[in-house]
Every structure is written in C-alpha cells, then in structure tokens.
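Observations on the model geometry
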Amino acid sequence: MSPSSTQNSVSRVRKAVFPVAGLGTRFLPATKTVPKEMLPIIDRPLIQYAVDEAIEAGCDTLVFVTNRYKHAVADYFDKAYELEQKLERAGKHEQLELVRNILPEGVRAIFVTQAEALGLGHAVLCAKPVIGNEPFAVILPDDVIWNRGPGALKQMTDAAAGTGASMIAVQDVPREKTGSYGIVATEEFADRQGRIRRMVEKPSPDQAPSTLAVVGRYVLTPRIFDLLEATRPGAGGEIQLTDAISALLKEETVNAFRFRGTRFDCGTHLGLIEATIRYALDHEKLSEAAQRLMQDALKELGVTELE
Ligand code: UTP
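Residues numbered from 1 in each chain as written. Predicted model: local features only at pLDDT ≥ 70, side-chain atom pairs only at ≥ 80, totals over all residues. Heavy atoms only, no water.

1. Observations regarding the overall build of the protein chain
- A tally of regular secondary structure across the protein chain gives 12 helices and 13 strands.
- Over its C-alpha trace the protein chain gives a radius of gyration of 20 Å, about what one expects of a compact globule, namely 19 Å for 307 residues.
- With the principal axes as the frame, the protein chain shows a C-alpha extent of 55 × 50 × 35 Å.
- Classification of the 307 residues of the protein chain by burial places 46% in the buried group.
- For the protein chain, restricting intrachain contacts to residue pairs at least 6 apart in sequence, the fraction spanning at least 24 positions comes to 76%.
- For the protein chain, the accessible surface area stands at approximately 16000 Å², while carbon and sulfur atoms represent 52% of it. (Helix = DSSP H or I, 4+ residues; strand = E, 2+ residues; numbered from the N terminus. Rg over C-alpha atoms; globule rule 2.2 N^0.38 Å. Buried < 20%, exposed > 50% of the residue type's maximum accessible area, 1.4 Å probe, protein only. Contact = heavy atoms within 4.5 Å. Areas by Shrake-Rupley, 256 points an atom, 1.4 Å probe, with all protein chains shown as cover.)

See below:
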C-alpha cells in the first residue's frame, strides 16, 4: 500500500484519542477538583468505560488530550505501587487485579496537553504528533454507550475496515432536540451505514436536514489534521471538529454509522443518572437490590405513576 493510500483510507485502527481537556462546567462544583471524566458510574470512572471500548476495538495506543489541572486522569492510568503493595500484603487479590488491570499489558497511554480549551477540533489537532499518518479513533468519554454485544467503537472499526472510509456514530433524536447536536444529511443507509452529504451544527428543528445526531465516536483518516489546521474558530470562538469534518466530506467518503446500543450523555446530570440506573439494573451483583432501592424510593416519595 502506498503512503498516500494509507493516509486516505481506514484500515486497522490502533490509536484512539480521548479529548478530556474541557472545563466540565455543567458538573460544577464537583468538577472544580474532580475532572468530569473521573466521575463514576458505580465503581468505574467514565474514562474507564471509554478506554475499555477502545481496547476491545483493538486499539493499543491511547492518547489523552488533557490540561494542566487534570492530573487525576494521568494518575489513574499510572502504576500505584504503594496501593498495590498494601492490597497484596492484605491478601486482597480481587481488588489488586482490578487496580492492575486498568490498562492491560501491551496497551500504552500517552498524554498530550491542550494548553487552552480552544474547542474539540483543537483538542483532536493536539494529538497529531502522536497519531502521525494513520487512521485513528476519537472517543468522547462523556458519551457512554451501553450494549450487551460488541461496543460501539468495535462495531465501527469493523465496518470502517470494510469500506476504508471515515465514519461517525449517529443516533436518532427527537426533532425538538436537534439544536443540541451536530445533525447529518445522508444518502440511504445499508448495513447501518449511510454516506454523509452534509453536516450542520446545532440546527433548529425546522432547519434540521434530518434527526440523525452525531454522538462521540469517530473513525477518521489523518487528512482531518490538515483540515483542522485550516479551520478558523467557529461557534463560541472554538475550533470545531464538525467544521473540519464538513471539509473532509467534500474530499473523501465519510459514513454515518447507526450503532447498536444505548447512548447516555454523561456530560449532563440526567444522562449520568440514567447511565447509573441502567448499569445498576444490569449489574450481576447489584441488580436486584438496585431495583428494590428504586421502588422503595418512589414509594417513600409518594410517586405512584409518572405523567
Ligand atoms: P463539552 O462540549 O462537553 O465541554 O466537550 P466540556 O467543557 O467538557 O463540558 P461543559 O460543557 O463545560 O460542561 C466535549 C468533549 O470535548 C472535550 C471535552 O473534554 C469533552 O470530552 N474538549 C472540549 C476538549 O478536550 N477541549 C476543548 O477545548 C473542548
């Protein structure tokens, strides 16, 4: 394969970018000291769900775009010698395995700094020196996707390897919500994929070309970096990933992908609550007790039926 065909088509995706340099203002005051990505669903931080999904998809190089306040994310993936020793001495083998398996062997974590929160597009551009000239994945950890079968990114990398095209995860949203999302206009779907013709950032319901919304999973060719470099600040003075993707789809095929699974927007209060409920109800040890707790809480508060 020539270098240029490597650059402009998706083959095996080994690297995943996790932009985690945002301010997380919607979770203040907690996010004054705890990065949003470290908020847990039960016992695992959001970033762990994202990392597990990337590893399942075959990624062995995880690139975290972070900022100087987010030491907790780097610390989480670092080896915790003292803790491991203490657990070992106490004979707490199960917990020891949990701590050791945060990153399996053969998977490396690389941290890149985004000095200023200049937008998601800018955050992805910060990963360029590590990604180089290969296709790569982007996962936004606050979009948690729950699925009993293969994770969303695995579904996407399998599908993208078949077509060689860049790919963006999409889901149907109620029309009145289009103003909160990037919305795509596509050709007809086959095998869960439809070629994107146009992308519009946060259109009002009457302007939206469809109700297919972009969610936080992307598989991209490295051509996106040149386009990001040429992208001027857009909405909110930020360099938007959507703008660079709009330029990309004029040059290359970019497919929308309807993944199997349920997505929770854990960047919002309700999304995090919903995800916690779902994971608790599906948890092999907690499920029954969680159901009872929820029923009791509703009864105690006098909620018999919701409108
Ligand atoms: P959000 O739009 O959710 O922003 O970013 P945020 O700052 O994290 O949260 P709020 O809106 O203030 O509550 C989407 C993703 O892009 C990353 C965020 O970390 C998040 O994963 N991001 C955003 C960056 O890494 N850098 C940026 O400059 C902006």
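Back to the text.
2. What to know about the packing of helix α11 (residues 269-281) against helix α12 (residues 287-300)
- Between α11 and α12, the shortest axis-to-axis distance is 7 Å and the interhelical angle comes to 130°. Relative to α12, α11 is oriented oblique. For the pair α11 and α12, the contacting residues are Ile277, Ala280 and Leu281 in the first and Ser287, Ala290, Gln291 and Met294 in the second.
- When grouped by side-chain class, the residues that make up the contact of α11 with α12 number 5 nonpolar, 2 polar and no charged. (Axes fitted to C-alpha atoms, helices over the stretch in contact; angles between N-to-C directions. Parallel < 35°, antiparallel > 145°, perpendicular 65-115°, else oblique. Nonpolar A, V, L, I, M, F, W, Y, C, P; charged D, E, K, R; others polar.)

3. Let's talk about helix α8 (residues 152-163)
- Across its 12 residues, α8 extends 17 Å between first and last C-alpha, which sits within 8% of the 16 Å expected from 1.5 Å per residue.
- At the exit of α8 stands glycine 164, carrying a positive phi of roughly 80°. (Expected span 1.5 Å × (residues − 1).)

4. Considering the nonpolar core
- Counting residues in hydrophobic clusters, the biggest one holds 34 residues, and the most contacted among them are Phe136, Tyr218, Ile224, Leu228 and Ile245.
- The element contributing the most residues to this core is helix α10 (residues 241-251), with 5 residues.
- Residues within four places of phenylalanine 136 in sequence aside, it is in contact with Val13, Lys15, Val17, Val124, Ile131, Tyr218, Val219, Leu220, Thr221, Pro222, Ile224 and Phe225. (Core = buried A, V, L, I, M, F, W, Y, C linked by side-chain atoms within 4.5 Å.)

5. Focus: the site of the ligand
- Around the ligand there are 18 residues in total, and Leu23, Thr25, Lys36, Gln114 and Gly119 lie nearest to it.
- Arginine 26 is positioned with one of its backbone polar atoms (N or O) 2.8 Å from an oxygen atom of the ligand.
- Glutamine 114 is positioned with one of its side-chain polar atoms (N or O) 2.7 Å from a nitrogen atom of the ligand.
- Contact with the protein chains covers 82% of the free accessible surface of the ligand, which is 570 Å².
- Grouping the constituent residues of the shell around the ligand by class yields 9 nonpolar, 5 polar and 4 charged. (Near = heavy atom within 4 Å. Polar contact = N/O pair within 3.5 Å; in protein donor to acceptor, adjacent residues only side chain to side chain.)

6. Remarks on the packing of aromatic side chains
- Applying the stated criterion to the full structure yields 6 aromatic pairs.
- Relative to phenylalanine 64, the ring of phenylalanine 18 has its centre 5.0 Å away and its plane inclined at 20°; by these criteria the two rings are stacked. With a gap of 46 residues between them, phenylalanine 18 in strand β1 (residues 15-19) and phenylalanine 64 in strand β4 (residues 61-66) connect regions that are remote in the sequence.
- With a relative accessible area of 0%, phenylalanine 18 lands in the buried category.
- Here tyrosine 76 and phenylalanine 77 contribute two aromatic rings whose centre-to-centre distance is 5.1 Å and whose plane-to-plane angle is 85°, an arrangement assigned as edge-to-face.
- The class for phenylalanine 77 is buried, based on a relative accessible area of 11%.
- Members of the aromatic cluster, joined through ring pairs, are Phe18, Phe64, Tyr76, Phe77 and Phe111.
- Above the ring of tyrosine 49, the side-chain terminus of arginine 44 is found at 4.0 Å from the ring centroid.
- Looking at arginine 258, its charged tip hangs above the ring of phenylalanine 189, at a distance of 4.5 Å from the centre. (Phe/Tyr/Trp six-rings, centres within 6.5 Å; stacked < 30°, edge-to-face > 60°. Lys NZ or Arg CZ within 6 Å of the ring centre and 35° of its normal.)

7. Re the pairing of β4
- Most of β4 sits out of view: 6 of its 6 residues are buried.
- Across 5 bridges, the pairing between β1 and β4 is parallel. Its bridge partner being in β4, proline 19 is matched across the sheet by valine 65.
- The pairing of β4 with strand β5 (residues 108-113) spans 6 bridges and is classified as parallel. Across the sheet, residue phenylalanine 64 finds its bridge partner in β5, namely phenylalanine 111. (Pairing = 2+ DSSP bridges.)

8. What to know about the confidence of the model for the protein chain
- Mean pLDDT over the protein chain stands at 92; residues scoring 70 or higher make up 97%.
- Contacts from residues 1-6, a stretch scored under 50 in pLDDT, to residues over four places away or in other chains number 4 contacts. (pLDDT = per-residue confidence, 0-100.)

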